[in-house]
Amino acid sequence: MTPAPAPTIRKALTIAGSDSGGGAGIQADLKTFQELGVYGMSVVTAVTAQNTLGVHAVYPMNEQAVQAQLQAIGDDLPPDAVKTGMLVDASIIEAAAECVVRYGWRNLVIDPVMIAKGGSALLRQEAVSTLTNKLLPLSALVTPNIPEAEELTGMSIVTLSDREEAARRLCQMGARGVLLKGGHDPSTQDLVIDMLYDGRSFRFWENKRLDTRHTHGTGCTLSAAITAGLARGLELPDAVDLAEAFIHAAIAHSLGIGAGQGPTNHFAYRSTTKQ
Ligand SMILES: Nc1ncnc2c1ncn2[C@@H]1O[C@H](COP(=O)(O)OP(=O)(O)OP(=O)(O)O)[C@@H](O)[C@H]1O
Ligand SMILES: Cc1ncc(COP(=O)(O)O)c(N)n1
């Protein structure tokens, strides 16, 4: 009997920090890749001692350790899509940007992680300009929440037209697409509205705002699900569609673990959807 042809293995890479509590960062990204049928790889930029009560310590990797991990992936395991999360400082951003160019990595999704939900800084303030100058122009998509979009563009975002203007500015700064997330928008009390801009038109995803404290790592999980979709060959709006369904299920069926702000449920999408 002729053996069945080997399935095409799609690979996704996350360049991010480790969250010992498993709800955000590298751990959230790898769980999401796995759930969405994509082979996950990682470059660790920092080790955080973290649980549902907060970030207790941050140990950044040195630049050589990050470069060595990037090179190990680049020389042998070309990813179909790449996402970045916690990048710590300018030297790590530069190392990541250099490898994206050197190896011709496509489908780069930037989650411009700056501050953890509990308030701890995950990116040095002086590294924001390196992020915008070096990495943003290489991206297929950047996924800021509202405070991150304000920091990147220098404008304040209150109204819907402010959001649209911020997205236009981010595209002018070099991003190919922008997903501006609405979790932090106090004006939409019952809804969370995420907005995608691809440089030409806007598309909106409106979801019921779920009343839960377990939203640790939602931004990481959403951007990892988009990255998995792109690695599987989906067009950007379809990858966002998939990711929106994934994060909504993950928040709706949270595990309820930990005494503080708990993680989402990465199994929920698989167990509630016919695949
Ligand atoms: N209470 C909620 N109910 C439903 N969806 C939510 C809720 N909070 C956030 N989301 C969704 O989770 C995703 C992340 O949104 P948010 O704006 O909170 O990003 P973030 O601040 O970057 O997340 P994180 O703090 O984990 O980095 C978005 O798709 C958003 O719509
Ligand atoms: C390693 C790492 N990466 C990202 C986040 C952001 O997640 P959140 O805003 O939910 O705290 C985090 N807390 N830790």
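Presented here is a report on the structure given in the accompanying data block. (Residues numbered from 1 in each chain as written. Chains lettered and ligands numbered in written order. Predicted model: local features only at pLDDT ≥ 70, side-chain atom pairs only at ≥ 80, totals over all residues.)

## Regarding the environment of Gln 67
Step number 1: Among the secondary structure elements, Gln 67 is positioned in helix α2 (residues 63–76).
Step number 2: Put simply, Gln 67 and Ala 12 are 55 residues apart on the chain and 18 Å apart in space, counted from C-alpha to C-alpha. (Helix = DSSP H or I, 4+ residues; strand = E, 2+ residues; numbered from the N terminus.)

## Considerations on the site of ligand 1
Step number 1: Inspection of the region around ligand 1 gives 19 residues, with Asn 145, Lys 181, Gly 183, Leu 210 and Gly 219 positioned closest.
Step number 2: When residues of the shell around ligand 1 are traced back to their parent elements, those giving at least two are β8 (191–197), α7 (218–231) and α8 (236–252).
Step number 3: Per-element accounting of the shell around ligand 1 gives the leading share, four residues, to α7.
Step number 4: Looking at the shell around ligand 1 residue by residue, the class counts come to six nonpolar, nine polar and four charged. (Near = placed C-beta within 6 Å. Nonpolar A, V, L, I, M, F, W, Y, C, P; charged D, E, K, R; others polar.)

## Examining the site of ligand 2
Step number 1: The immediate surroundings of ligand 2 are formed by 17 residues, with Gly 17, Ala 24, Gly 25, Ala 116 and Lys 117 found nearest.
Step number 2: Those elements that place two or more of their residues in the shell around ligand 2 are β1 (11–19), β2 (39–51) and α7.
Step number 3: The leading source of residues in the shell around ligand 2 is β1, at three residues.
Step number 4: Taken together, the residues of the shell around ligand 2 sort by class into seven nonpolar, eight polar and two charged.

## Thoughts on the packing of helix α1 (residues 25–35) against α7
Step number 1: Two elements in contact, α1 and α7, have axes whose closest approach is 8 Å; the angle formed by their N-to-C orientations is 40°. Looking at the two axes, α1 sits oblique to α7. Here α1 runs over α7; the crossing is right-handed. Every residue of α7 that contacts α1 at Gly 25, Ala 28, Asp 29, Thr 32 and Phe 33 is listed here: Cys 220, Thr 221, Ala 224, Ala 225 and Ala 228.
Step number 2: Residues belonging to the contact of α1 with α7 are distributed by class as follows: six nonpolar, three polar and one charged. (Axes fitted to C-alpha atoms, helices over the stretch in contact; angles between N-to-C directions. Parallel < 35°, antiparallel > 145°, perpendicular 65-115°, else oblique. Left-handed = near helix turned anticlockwise from the far one by under 90°. Contact = placed C-beta atoms within 7 Å.)

From the geometry alone we can't say anything about function, so treat these as descriptive.
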